[in-house]
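Fold and contact review
What follows is the residue order along each chain.
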Amino acid sequence: MAFVLPTLAYSHSALAERGMCQETLDLHYGKHHQTYVTALNGFVEKDATLQGKSVEEIIQAVAGNPDKASVFNNAGQHWNHSLFWLSCSPTGGAIPGKLEKKIIEDFGAVADFKAAFKTAATTQFGSGWAWLVLSPKGKLKIVKTANADSPLANGAGKALLTCDVWEHAYYVDFRNRRPDFVSNWLDNIANYEFAAAQLG
Ligand code: MN3
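The text that follows walks through the structure, step by step, so that each part is easy to find. Just so it is clear, the structure is predicted and the values come from calculations on it, not from any experiment.

1. Looking at the packing of aromatic side chains
One pass over the structure, following the stated rule, counts 13 aromatic pairs. Between Phe84 and Trp85 the ring centres are 5.2 Å apart and the planes differ by 55°, which places this aromatic pair in the tilted class. Among the residues examined, Phe84 registers a relative accessible area of 0% and is labelled buried. One aromatic cluster in this structure is built from Tyr29, Trp79, Phe84, Trp85, Phe107, Phe113, Phe117, Trp129, Trp131, Trp185 and Tyr192.

Here it is in structure tokens:
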């Protein structure tokens with residue numbers, strides 16, 4: 001079975017009033033993410049060791065193997081983007097009580113959590129991702145990764161929420177202003193309901 005783009009839970013124009021316009025979704029989901037999926041399918045077709053594996057299994061099988069860097073990059077970007085679409089919502093920004101309590105426990109305050117996330121997202125030099133993860137010790141942590149890397153690949157923990165900070169994620173809406181994109185994303189788009197549901 002070939003990999004396919006995940007179905008979005010919202011239309012391409014649904015986030016427009018919140019600062020992510022239809023053109024961004026058309027390009028980011030319809031072009032960028034599709035390109036990773038198409039490339040990944042091409043690698044799987046030619047490599048029997050990858051066949052029959054989930055995208056998670058492929059990422060973990062090829063992580064750290066320089067001979068499979070292109071497979072890792074495309075599988076990683078498929079997985080990262082699939083999580084990013086789930087991390088966005090037209091009703092985003094509101095933090096459910098259960099997650100808020102855990103954020104206060106582990107970061108001190110919601111403002112401190114947002115500041116730490118924004119720092120990670122804006123100090124990721126070049127392309128990459130900022131993540132809210134549940135560490136193996138059960139603590140909420142903020143991590144950043146470069147390019148197609150992820151907590152799934154590097155073992156930082158269970159990814160609860162991610163923000164794409166590749167330029168293609170924000171250039172249409174915010175031009176070069178990554179800090180404004182991240183602040184707006186945290187306040188108006190981030191799907192904290194999804195993150196809370198994953199806390200278990
Ligand atoms: Mn992207």
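2. A word on helix H2 (residues 55–62)
Residues Val55, Ile58, Ile59 and Val62 constitute the buried set of H2. The buried residues of H2 occupy an angular sector of 100° when the element is viewed end-on, so they sit on one face. Contact partners of the buried residues in H2: helix H1 (22–46), helix H3 (69–86) and helix H6 (151–154). Where H2 terminates, the next one or two residues include Gly64, which has phi positive at roughly 85°.

3. Some remarks on the coordination of the manganese ion
Here the manganese ion is held by His28 (NE2), His81 (NE2), Asp164 (OD) and His168 (NE2), and the distances to it run 1.9 to 2.1 Å. Motif for the manganese ion, donor spacing along one chain: H-x52-H-x82-D-x3-H. Of the two residues, His28 is situated in helix H1 and His81 in helix H3; the sequence distance between them amounts to 53 residues. Assessed through its relative accessible area of 0%, His81 is described here as buried.

About the thresholds
Residues numbered from 1 in each chain as written. Predicted model: local features only at pLDDT ≥ 70, side-chain atom pairs only at ≥ 80, totals over all residues. Heavy atoms only, no water. Phe/Tyr/Trp six-rings, centres within 6.5 Å; stacked < 30°, edge-to-face > 60°. Buried < 20%, exposed > 50% of the residue type's maximum accessible area, 1.4 Å probe, protein only. Helix = DSSP H or I, 4+ residues; strand = E, 2+ residues; numbered from the N terminus. Arc of directions from axis to C-beta. Contact = heavy atoms within 4.5 Å. Donors = N, O, S within 2.8 Å, 3.2 Å for Na, K, Ca; no water.

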